[in-house]
Amino acid sequence: MDEIRLKALAKINLGLDVTGRRDDGYHLVRMIMQTIHLFDSVQMEKIPESGIQLTTNIRFLPTDEHNIAYKAARLLMDEFQITQGIRIDIKKCIPVSAGMAGGSTDAAAVLYGMNQMYDLKLSQKQLAKRALTLGADVPYCLMRGTALAEGIGEKLTRLPSVPRCPVVVAKPGISVSTKWVYDRLQLGEQTKHPDIDQLIADIKQQNLIDMASHMGNLLEEVTVQEYPVIAQIKENLMEHGALNAMMSGSGPTVFALFEERSTAREAADVLRASGLARQIYVTTIFNV
Ligand code: ATP
């Protein structure tokens, strides 16, 4: 195989709780991860020249070893002594620095693609082990679907699929670094944690309405305090038929679940007209 084209899918967090902090500074989390049908297109091709040639449609993204997709290719090339060069072209659609694992999913696609192209015969488990060295979310991006992520995000337990409903994704014109948000998070006695176990029970019962009502993200308060536009976007979507709207990951992207595609489209139109968000997509839950 000389060429492969892949969809690198984005994730949202239906629930995000932080339960503590490890001695090395990493936070311990309990997150419900969900893949959505919003993706970067990753095209990979063997080339006669040596090395990695990476291109993307986003001018400010690095195309060298600072790009996580480049790192993924380097990792397997070094380990398996692949001397032939590779061209990777990434057409990004997933908002960057947005809490949607955009970089992690590109890296996962490159690992998956190289395993196929070079017939490396790595199992899912062996790929996941290498994925974790690139980032805590990369193993989940390889797995896809609905999952509980614990530890620093790497301990994954597959959950039943969530009912396939429309999702509106809206990113305001600001970028938030994950580190900035976690650095400001203060856990105390008064901290109101989302009920992740209740969310899991709702998912097991395939109850979309209950699941939507129990969604919660502990990081939301931190990011909203600095960027009130997140709360405004949520309110706007709720006023126009969303079952619930919440920030994904460390933000600033907001997503909203709907029962009907037509309602989701109308809500997206209203939000577009409001000027509150810069990138708005109507997509769906993606099940494996
Ligand atoms: P997460 O949800 O895992 O916290 P995120 O959505 O906050 O991820 P990303 O878009 O994955 O953030 O990455 C943001 C940072 O990573 C930016 O500083 C960007 O320059 C860098 N980066 C490196 N490689 C990529 C890539 N392939 N796609 C997007 N960002 C990348």
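Structure's up top.
Attention here is on the structure that accompanies the text. (Residues numbered from 1 in each chain as written. Predicted model: local features only at pLDDT ≥ 70, side-chain atom pairs only at ≥ 80, totals over all residues. Heavy atoms only, no water.)

Side note on the sheet that holds strand S11 (residues 279-284)
Whenever strands of a sheet pair, they do so through backbone hydrogen bonds, lying parallel or antiparallel. One open sheet holds the 4 strands; their spatial order is S9-S10-S7-S11, and the pairing between them is antiparallel. Every interior strand has two partners, whereas the edge strands, strand S9 (244-247) and S11, have only one. Across the sheet, the axes of successive neighbouring strands diverge by a mean angle of 20 degrees, strand direction being ignored. Strands in contact with helix H9 (residues 229-239) are strand S7 (166-171), S9 and strand S10 (254-257); relative to S9, the strand with the most contacts, it is inclined by about 165 degrees. Seen against the sheet, helix H10 (residues 261-274) touches S7 and S11 and runs at an angle of roughly 175 degrees to S11. (Pairing = 2+ DSSP bridges. Helix = DSSP H or I, 4+ residues; strand = E, 2+ residues; numbered from the N terminus. Axes fitted to C-alpha atoms, helices over the stretch in contact; angles between N-to-C directions. Contact = heavy atoms within 4.5 Å.)

Quick word on the side chain of Asp-202
Here Asp-202 lies in helix H6 (residues 196-204). Buried and unpaired, Asp-202 has no salt bridge, with Lys-204 as the nearest side chain of opposite charge at 11 Å. (Buried < 20%, exposed > 50% of the residue type's maximum accessible area, 1.4 Å probe, protein only. Lys, Arg positive; Asp, Glu negative; His and termini not counted. Salt bridge = Lys/Arg side-chain N within 4 Å of Asp/Glu carboxyl O.)

Observations concerning the state of the cysteines
Scanning the model with the defined rule gives 0 disulfides in all. Cys-141 forms no disulfide, and the closest cysteine sulfur to it belongs to Cys-93, at a distance of 15 Å. The exposure class assigned to Cys-141 is buried, which follows from its relative accessible area of 7%. (Disulfide = S-S within 2.5 Å.)

Topic: the site of the ligand
The local shell around the ligand holds 19 residues, among which Asn-67, Ser-97, Gly-99, Ala-101 and Gly-103 are the closest. Met-100 places a polar main-chain atom, nitrogen or oxygen, 3.2 Å from an oxygen atom of the ligand. Across the shell around the ligand, the residue classes break down as 7 nonpolar, 8 polar and 4 charged. (Near = heavy atom within 4 Å. Polar contact = N/O pair within 3.5 Å; in protein donor to acceptor, adjacent residues only side chain to side chain. Nonpolar A, V, L, I, M, F, W, Y, C, P; charged D, E, K, R; others polar.)

Some details on the packing of helix H1 (residues 68-79) against helix H2 (residues 102-117)
For any two helices packed against each other, one specifies the inter-axial angle together with the distance between the axes. It is at 7 Å that the axes of H1 and H2 come closest, and there the two elements cross at 30 degrees. Our classification of the angle between H1 and H2 gives roughly parallel. Here H1 and H2 pass one another in a crossing that is right-handed. Counted together, Ile-68, Ala-69, Ala-72, Ala-73, Leu-75, Leu-76 and Met-77 of H1 and Gly-103, Ser-104, Asp-106, Ala-107, Val-110, Leu-111 and Met-114 of H2 form the full contact between these two elements. Each residue belonging to the contact of H1 with H2 can be placed in one class, and the counts come to 11 nonpolar, 2 polar and 1 charged. (Parallel < 35°, antiparallel > 145°, perpendicular 65-115°, else oblique. Left-handed = near helix turned anticlockwise from the far one by under 90°.)

Regarding the pattern of salt bridges
Counted under the stated rule, the structure contains 15 salt bridges. Of the charged contacts, one joins Asp-24 and Arg-22 as a salt bridge, the two residues approaching to 2.8 Å between their closest N and O atoms. Where Asp-119 meets Lys-121, a salt bridge forms, and the shortest distance between an N and an O atom there is 2.8 Å. One network of salt bridges, with partners in common, ties together Arg-30, Glu-150 and Asp-197.

Digging into the pairing of S9
Within a regular strand, side chains alternate between the sheet's two faces. Taking every second residue as pointing to the same face, both faces of S9 are buried, with Asn-244 and Met-246 on one and Ala-245 and Met-247 on the other. Here S9 pairs with S10 via 4 bridges, running antiparallel. Within the sheet, the bridge partner assigned to Met-247 lies in S10 and is Val-254. Connecting S9 to the antiparallel partner S10 that follows it, the hairpin turn spans 6 residues, and Gly-249 within it adopts a positive phi of roughly 55 degrees.

A short note on the nonpolar core
The tendency in soluble globular proteins is for nonpolar side chains to be buried as a group. Met-44, Ile-86, Ile-88, Val-110, Met-114 and Leu-237 are the most contacted members of the largest nonpolar core, which totals 69 residues. What Ile-86 contacts, discounting residues up to four positions off in sequence, is Met-44, Glu-45, Ile-47, Gly-51, Ile-52, Gln-53, Met-77, Met-114, Met-117 and Tyr-118. Core analysis: the second largest hydrophobic core is formed by 27 residues, Leu-148, Val-169, Met-211 and Ala-212 among them. (Core = buried A, V, L, I, M, F, W, Y, C linked by side-chain atoms within 4.5 Å.)

Digging into the environment of Phe-39
Tracing the chain through its elements places Phe-39 in strand S2 (residues 27-47). Residue classification places Phe-39 among the partly exposed residues on the basis of a relative accessible area of 23%. For Phe-39 and Ile-94, which are 55 residues apart along the polypeptide, the C-alpha to C-alpha distance reads 5.9 Å. Phe-39 has contacts with Lys-7, Ala-8, Leu-9, Cys-93 and Ile-94, leaving out every residue within four places of it along the chain.

Details of the packing of aromatic side chains
All told, the structure shown has 1 aromatic pair when counted by the stated rule. Stacked on the ring of Tyr-118, the Lys or Arg Lys-46 has its end atom at 4.8 Å from the ring centre. (Phe/Tyr/Trp six-rings, centres within 6.5 Å; stacked < 30°, edge-to-face > 60°. Lys NZ or Arg CZ within 6 Å of the ring centre and 35° of its normal.)

With respect to the side chain of Gln-34
Mapped onto the secondary structure, Gln-34 falls in strand S2. A polar side-chain atom of Gln-34 sits 2.5 Å from a polar atom in the side chain of Thr-146. Apart from residues lying up to four places away in sequence, Gln-34 is in contact with Ala-10, Lys-11, Ile-12, Leu-14, Tyr-140, Gly-145, Thr-146, Val-162, Ile-285, Phe-286 and Asn-287.

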